[in-house]
Amino acid sequence: MTSSDNVINNDMPVGDLPPADDADSSEVPFGETETPLLVVPRAMIAVERLAAHPANVRRDLDLSPEFVDSIAVNGVLVALRITPDGDGFRVIDGGRRLAAALKAGVTEVPYDMVSERAGDEAGQYLDMINMNRHRNPLTPLEEAGALFAAREAGATKTRLRKAAGLTSATVNGALAAARLSDETRATVEGLDEQLSLDELAVLAEFDGDPDAIARLTVAASCGILEHEAELLRQARAEHAEHERIRGELEGGGFAITQILPANGQYLTVLCQDGDDLTPDSHAACPGRGVLFRSYDPLTPVHYCTSPDQYGHTFRHSDQSRPAAADGTAGTPVPDGGTPDPADTDPGRRLVIQGNREWKAAAEVRRRWLATQLFGRRTAPREAAQFVARQLLMMPDPLRSGLAAAHSMVSFSEITGRGDRDWLEICDTAPAGRLPLVMLGPIAAAYEHAMTDGEGRNTWRTDRYSPCPRTEAAGYLRFLASIGYQLSGIEQAVADLTAYTGEAPAGDPITGGPDQPGPEGPDEGPGDGPEGPGDGPEGPGNGPDQRGADPAVTDGPDTGDGDLLGDSADPGDFPAGGQAAA
């Protein structure tokens, strides 16, 4: 390709050239020493005079809505390379831009004329190679930097959104990504694959936290970035709430320890003058103390540091002193207190981890439904078949929840619209969108059955859920078939296999601050929900009063608002099977 290919070829018959505005020929004012710039208008041609190359080697034009919208707003920015062809002109390079211009209703496009290619078929194909071989688009980081620079230069976010064909959320994320620290930027640039603007926005949310960035970049390579980010968000919120609760307790004079002191006893086994001790009735005792379970940092567990000294007795008259592990009464408790069984019990640890991950997956999945699925203009082709099969079979989640699905709060959250809005859409929606409308109540019924109340047990093989695992598996496999990325715990359900907590090769180990995921030989694969401590033979079932679980009666019921997904729910373990916290 020569330099002359980038300008208008003057050999073209004058009558065939599209009209151009006259250049400014005003005289230079007297006394000026600089020659004014000559502004040459771009050569434009009507799209009706152009024909796509009949044998364009580019098979997929990929006319995405974002690309077409960008052409509609900005016009075609890169000139099409054309050559005379009969009564019109053939496009050698720019067939995709021409197709997008036609679809967007653009009537004129810029062009470069190369008359010498008119009869040179071989040269036209070689031009297709040379014009595309060395094109090197901006990386997402560079694009974010350009958007940020445009914003700094005075462009509004609306202008950025329209000019770049991006959503408002992506523009905001790109502006945040442009301010990534040098350390995070270096990490991103060292990855094997480039992250998208939306993925960079997630990293920007955690910039300054090297551990979080490391986990997120590994998760990105496994396709579960959003799931890992949601776990981190929940851990941050949990940590902040824990610090607030801890501060209030410290301000109230409570001793806060990591384990139960050697002579201490939980309030759940103590009474005062015949009345059971509670956190409120014990608040004035000098021995008041609190600990937090490693798996439930939001629920304070109250104890007394020295029941004998402060006049407390045990609730059962025949157990005036705590029993030792061998059942003999009155044996002193060894120094160091009682450790948290969650640190040594892989079964309980797995339940804790699974509850967290199932809740995080539900948040990501619902967000994807609202923004990615129900925001589409047409339903994916798999939707009609899935809807038909569901209505014919009427599985448990639909039998129990379909009638009320349209009135659930989650329905509008999942679909992005209320039921009245969808009713209006039914009157005007094209046939291609109607399966999406019908899918809304079905998705809401499934999400309710899989995440609310006992539905949080759906991932488990040993607990009841209003959404049987087989039905949940079919629903998740359907979502995966239309573009949703399953997390590890969702994949286990979809495959109808037990979730073991084992991260696939290359996956990050999940867990919040000071709450690591399974590690070490005692927490490896195979320690499912029926692991040690989950049954009646687990730790804490002997006569030792210190083994009574304060989770049963001590502390508020966190219910659906528990950031841990109710990991401390007494229903997680059979009666008598819970060890001391």
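What counts and how
- Residues numbered from 1 in each chain as written.
- Predicted model: local features only at pLDDT ≥ 70, side-chain atom pairs only at ≥ 80, totals over all residues.
- Heavy atoms only, no water.
- pLDDT = per-residue confidence, 0-100.
- Helix = DSSP H or I, 4+ residues; strand = E, 2+ residues; numbered from the N terminus.
- Contact = heavy atoms within 4.5 Å.
- Phe/Tyr/Trp six-rings, centres within 6.5 Å; stacked < 30°, edge-to-face > 60°.
- Buried < 20%, exposed > 50% of the residue type's maximum accessible area, 1.4 Å probe, protein only.
- Expected span 1.5 Å × (residues − 1).
- Bend = angle between axes of the 7 residues up to and from the residue.
- Pairing = 2+ DSSP bridges.
- Axes fitted to C-alpha atoms, helices over the stretch in contact; angles between N-to-C directions.
- Core = buried A, V, L, I, M, F, W, Y, C linked by side-chain atoms within 4.5 Å.
- Parallel < 35°, antiparallel > 145°, perpendicular 65-115°, else oblique.
- Nonpolar A, V, L, I, M, F, W, Y, C, P; charged D, E, K, R; others polar.

*Asks:* Just to check I follow, could you spell out the confidence of the model for the chain for this structure?
*Replies:* Interpreting fine coordinate detail is not advised for predicted regions of low pLDDT. With 74% of its residues at a pLDDT of at least 70, the chain reaches an overall mean of 77. When mean pLDDT is compared element by element in the chain, helix α17 (residues 469-481) scores highest at 96, while helix α3 (residues 121-133) scores lowest at 81. pLDDT under 50 marks residues 1-15. Its contacts with residues more than four places away, or in other chains, come to 18 contacts. Counting contacts from residues 18-32, a segment whose pLDDT is below 50, to residues more than four positions away or on other chains yields 10 contacts.

*Asks:* Got a minute to help me understand the packing of aromatic side chains in this structure?
*Replies:* Aromatic rings in a pair are described by how distant their centres are and how their planes are angled relative to each other. With the rule as written, the count across this model stands at 5 aromatic pairs. Taking the centre distance of 6.3 Å and the plane angle of 70 degrees together, the rings of F374 and W422 count as edge-to-face. Here W422 lies in helix α15 (residues 419-428) and F374 lies in the loop between α11 (346-373) and α12 (381-393), a separation of 48 residues in the sequence. Judged by relative accessible area, F374 falls into the buried class, the value being 2%. For the ring pair F386 and F478, a centre distance of 4.1 Å and an interplane angle of 5 degrees mean the geometry is stacked. With a gap of 92 residues between them, F386 in helix α12 and F478 in helix α17 connect regions that are remote in the sequence.

*Asks:* I'm lost on helix α16 (residues 434-451) in this one. Help?
*Replies:* Counting along an α-helix, one turn takes 3.6 residues, and residues three or four places apart therefore face a common direction. Along its 18 residues, α16 runs 26 Å from first to last C-alpha, staying within 8% of the 26 Å computed at 1.5 Å per residue. Along α16, the sharpest kink reaches roughly 30 degrees, centred on G440 and followed within four residues by the proline P441. Extensive coverage of α16 is indicated by the burial of 14 of its 18 residues. Within two residues after α16, G453 carries a phi angle of roughly 55 degrees, on the positive side.

*Asks:* I keep staring at the sheet that holds strand β2 (residues 50-52) and nothing clicks. Help me out?
*Replies:* Note on sheets: strands pair through backbone hydrogen bonds, and any given pair is parallel or antiparallel. If you walk across this open sheet you meet the 5 strands as β1-β5-β3-β4-β2, and the pairing is mixed. If you trace the sheet from one side to the other, it starts and ends with β1 (44-46) and β2, each paired once. Looking at each pair of strands side by side, their axes are set apart by 55 degrees on average, direction ignored. Summarising the sheet, strand β3 (residues 80-85) and strand β4 (residues 88-93) pair through 5 bridges and their orientation is antiparallel. In the strand pairing of β4, I82 is matched with V91. Against the sheet, α3 touches β3 and β4, its axis set at about 45 degrees to β4.

*Asks:* Honestly, the nonpolar core in this entry has me stumped. Any pointers?
*Replies:* Soluble globular proteins: nonpolar side chains tend toward being buried together. Ranked by size, the top nonpolar core spans 45 residues in total, and within it F374 and Y475 carry the most contacts. Per-element accounting of this core gives the leading share, 10 residues, to α16. Once residues within four sequence positions are removed from consideration, Y475 is found in contact with R365, L369, F386, A443, Y446, E447 and M450. Core analysis: the second largest hydrophobic core is formed by 27 residues, A144, L175, A212 and L216 among them.

*Asks:* It is not clear to me how the sheet that holds strand β8 (residues 270-272) should be interpreted in this structure. Could you clarify?
*Replies:* The strand order across the open sheet built from 3 strands is β9-β8-β12, with neighbouring strands paired in antiparallel fashion. This sheet does not close on itself; its edge strands, each paired only once, are β9 (275-276) and β12 (313-314). For β8 and β12, the ladder comprises 2 bridges, and the chain directions are antiparallel. Residue pairing in the sheet places C271 in a bridge with T313 of β12.

*Asks:* What am I meant to see in the environment of H242 here?
*Replies:* Mapping H242 onto the fold places it in helix α10 (residues 225-251). Note: C-alpha distance between H242 and P297 (55 residues apart in sequence) is 5.8 Å. Not counting residues within four places of it along the chain, the set of residues in contact with H242 comprises F292, P297 and L298.

*Asks:* What's the story with the pairing of β4 in this structure? I'm lost.
*Replies:* Working note: regular strand, side chains alternate between the two faces of the sheet. Most of β4 sits inside the fold, with 6 of its 6 residues counted as buried. The sheet contact formed by β2 and β4 spans 3 bridges and is parallel. Bridging from a neighbouring strand, L50 pairs with F89 of β4. Here β3 folds back onto β4, and the loop between the two strands holds 2 residues, one of which, G86, carries a positive phi near 65 degrees.

*Asks:* Even after reading the chapter, I still don't get the packing of helix α5 (residues 157-164) against helix α6 (residues 168-177), so can you show me in this structure?
*Replies:* When two helices pack together, their arrangement is given by the angle between the helix axes and by the axis-to-axis distance. One can describe the packing of α5 onto α6 by two numbers: an axis separation of 9 Å at closest approach and a directional angle of 105 degrees. The angle between the axes of α5 and α6 places the two elements in the roughly perpendicular class. Packed against α5, whose contacting residues are K157, L160 and R161, the element α6 presents S168, V171, N172 and L175 at the interface. Along the lines of polarity and charge, the residues of the contact of α5 with α6 split into 3 nonpolar, 2 polar and 2 charged.

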